[in-house]
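Each chain, written out:
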Amino acid sequence: MFRQSKKRAAQRRSDFATADQSTTYIQAGISFNDEQERYELLYPTKLSFYHLPPIGEITLDQFETWAIDRLKVLLELESLAQRNKNIKEMEQVIKPILASCIPLSESLESRKKDYYSHFILRLCFCRSKDLREKFLHAETILFKLRFQMLTQADQTKFVQSLNLPLLQFISDEEKQEIATELYETVSPQLQFQLNLSEEQQRRQFFNHERFIKLPFEAVIDLLGTRQVFLKQGWAYLPQFQQLNHIANEYASRLSDDLLKTYQHIPKLNEDDRLLPILTHLSTGYVVTEHHYSFSDSSLHPSSETTADTITAASLHNPEVRSAFPLCAKNLMDGLSKNNHLKFNGRQQLSFFLKGLGMSVDEALKFWTDAFTRSTSMSLEKFNKEYRYNFRHNYGLEGNRINYRPWDCRTVLSKPRPARGEYHGCPYRDWNPEKLSATLAAMNLTQSQVSSILDSAKRNEFTLACTKAYEFSALSEAPGTANPSEPLITDQTHITHPNLYFDRARRRRT
Ligand code: SF4
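Residues numbered from 1 in each chain as written. Predicted model: local features only at pLDDT ≥ 70, side-chain atom pairs only at ≥ 80, totals over all residues. Heavy atoms only, no water.

### Looking at the overall build of the chain
What the chain contains, in helices and strands, is 26 helices and 4 strands. Burial statistics for the chain: of 509 residues in total, 49% are counted as buried. As displayed, the chain has an accessible area near 26,200 Å², and 51% of this comes from carbon and sulfur atoms. (Helix = DSSP H or I, 4+ residues; strand = E, 2+ residues; numbered from the N terminus. Buried < 20%, exposed > 50% of the residue type's maximum accessible area, 1.4 Å probe, protein only. Areas by Shrake-Rupley, 256 points an atom, 1.4 Å probe, with all protein chains shown as cover.)

Structure follows, in structure tokens:
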């Protein structure tokens, strides 16, 4: 198999070598300077329309990690859009994620990563209409956000580099000729969209603003609201309004390209190295990683406990319990009801408690108490049949692996709970009636409950959970003019039960 792969790789190399040498593709084996020059063509500023496919060489490791990094950004954007965040809120959340996953600087390395990761994800998400639409939507938002992060000079440079027939700047002379009518049309938008309340400010902005002209059919949506000046079939658009049109152009090209990519996919089906990676990327993924609060110190009893330390006793505190995500609440309820949990439930809850920073001694105290509360389980039986299991989860028995708490993806990868089991994710496993009644009991409104149920129905379980978290945060501040401001400072997608807990606890302290 390895030899076959090598053969195919050699074949691909020779195919590239015989390709038209005059193309401006990124070629393998070119010098650093040549490569740098080529990326400069593709990136006139920090943005690109990705109009040429890269055909250089990267390692399999880069192939996978670069794609995963971009995927994290796109999934976060998708989640923000689904939660109706406006572009400003999105920018606030996504900036640090962008900076760590696909930072765009002038360096060759960051441009390469951005370029390749875009094309790798095209391969993953071209396979069905649904996937194409999702990718297109998230990439277009990413494009808009990045465009807005550019300086005005860079925006102009980028637009000029596109050389789009529809997006040509008018000359200063042409602007002068129609200045009066143009200002009258644009002035209300300057006031309401850019908050320029003073006439003098608006005049000043207008004098420096550049305009593009395009056939009026291209801006039909703006005509009804009289947001553009029309003359002889041309619409005149200020630069600050051009983003939507460039983004539409970007989306329409990307949509065509995705279809073309889809037509070429069968050729890839022979590649036994890339295919598993692509399948993995388009089916299962983690949005963001949660950094756990547990450490080696959770293995040993500590004399230093703070108000935040989670102990066996504090788990009965309603305030602590109210910060649990639905999956953990369900496990705790199942445990109280039966004085027992079956294997998957024990594992899920045990790792969740470990993720809260609970020490192994406190964990054993908690489980012993919970299991031996009924007369059917003696302490001796508990020690004989269960103690080992909980110590094992802390890496104190068997192969001594210090296991990590389960993220939502791991929870969702386990078999669904059967009758009498409590593990899993309620957003996936509960019927709509039970879920809706539980959410309503959390003081959520009917429309909030419906929105969560919609996401759950579309199999977007972590999104449903994120919405539940945010809505319950809002319901804790009734009457506040804009309650989301002080309460929800971190709006990233929830992908880990411990992340849910940490965030809910922070909010209340
Ligand atoms: S989405 Fe994750 S945190 Fe939320 S209930 Fe499901 S498993 Fe728990």
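### Here we look at the UniProt feature "binding site: [4Fe-4S] cluster" (unreviewed entry) in the chain
The feature "binding site: [4Fe-4S] cluster" (unreviewed entry), as given by UniProt, occupies Cys-327, Cys-408, Cys-425 and Cys-465 in the numbering adopted here. Across 139 residues, the annotated set stays spatially compact, with a maximum C-alpha separation of 10.1 Å. Assessed through its relative accessible area of 12%, Cys-327 is described here as buried. Excluding residues that lie within four positions of it along the chain, Cys-327 makes contacts with Gln-348, Gly-424, Pro-426 and Pro-497. Residue position: Cys-425 is located in the loop between helix 20 (408-413) and helix 21 (426-429). Judged by relative accessible area, Cys-425 falls into the buried class, the value being 12%. Residue contacts for Cys-425: discarding those within four places in its chain leaves Val-411, Leu-412 and Phe-461. (UniProt positions renumbered as here; feature names shortened; annotations may be inferred. Contact = heavy atoms within 4.5 Å.)

### Focus: the packing of helix 16 (residues 343-355) against helix 17 (residues 360-372)
Two elements in contact, helix 16 and helix 17, have axes separated by 12 Å at closest approach and are oriented at 145°. Every pair of crossing elements has a handedness; the one defined by helix 16 and helix 17 is right-handed. Contacts between helix 16 and helix 17 involve Arg-346, Leu-349, Ser-350 and Leu-353 from the former and Phe-366, Trp-367 and Phe-371 from the latter. The residue makeup of the contact of helix 16 with helix 17, split by class, is 5 nonpolar, 1 polar and 1 charged. (Axes fitted to C-alpha atoms, helices over the stretch in contact; angles between N-to-C directions. Left-handed = near helix turned anticlockwise from the far one by under 90°. Nonpolar A, V, L, I, M, F, W, Y, C, P; charged D, E, K, R; others polar.)

### Some details on the packing of aromatic side chains
Summed over all chains, the structure comprises 32 aromatic pairs. Seen from their ring centres, Phe-143 and Tyr-250 are 4.5 Å apart, and the 15° between their planes marks the pair as stacked. Here Phe-143, found in helix 6 (residues 129-149), pairs with Tyr-250, found in helix 12 (residues 243-268); they are 107 residues apart in sequence, far enough to count as distant. Residue classification places Phe-143 among the buried positions, given a relative accessible area of 4%. Among the residues examined, Tyr-250 registers a relative accessible area of 2% and is labelled buried. (Phe/Tyr/Trp six-rings, centres within 6.5 Å; stacked < 30°, edge-to-face > 60°.)

### Overview of the nonpolar core
Residues Val-73 and Phe-143 are the most contacted members of the largest nonpolar core, which totals 67 residues. At 10 residues, the largest contribution of residues to this core is made by helix 3 (residues 60-82). In this structure, this core is formed jointly by two domains, domain 1 (37-163 + 243-295) and domain 2 (168-242), each of which donates at least three residues. With sequence-adjacent residues up to four places away left out, Val-73 is seen in contact with Ile-94, Ile-97, Leu-98, Cys-101, Ile-102 and Leu-142. (Core = buried A, V, L, I, M, F, W, Y, C linked by side-chain atoms within 4.5 Å. Domains from an automatic or database assignment.)

### Notes on the confidence of the model for the chain
Considering every residue of the chain, the mean pLDDT works out to 82; 83% of them sit at 70 or more. When the criterion is pLDDT under 50, residues 1-24 qualifies, and its contacts beyond four places in sequence or with other chains add up to 14 contacts. Per-residue pLDDT stays below 50 along residues 480-487; that stretch engages in 6 contacts with residues further than four places along the chain or on separate chains. (pLDDT = per-residue confidence, 0-100.)

### Side note on the site of the ligand
Residues in contact with the ligand, as listed here, are Pro-325, Cys-327, Cys-408, Val-411, Cys-425, Pro-426, Tyr-427, Phe-461, Thr-462, Cys-465 and Pro-497. Mapped by element, the contributors of at least two residues to the shell around the ligand are helix 20, helix 21 and helix 24 (461-475). Sorting elements by how many residues they give to the shell around the ligand places helix 24 first, with 3 residues. When grouped by side-chain class, the residues that make up the shell around the ligand number 10 nonpolar, 1 polar and no charged. (Near = heavy atom within 4 Å.)

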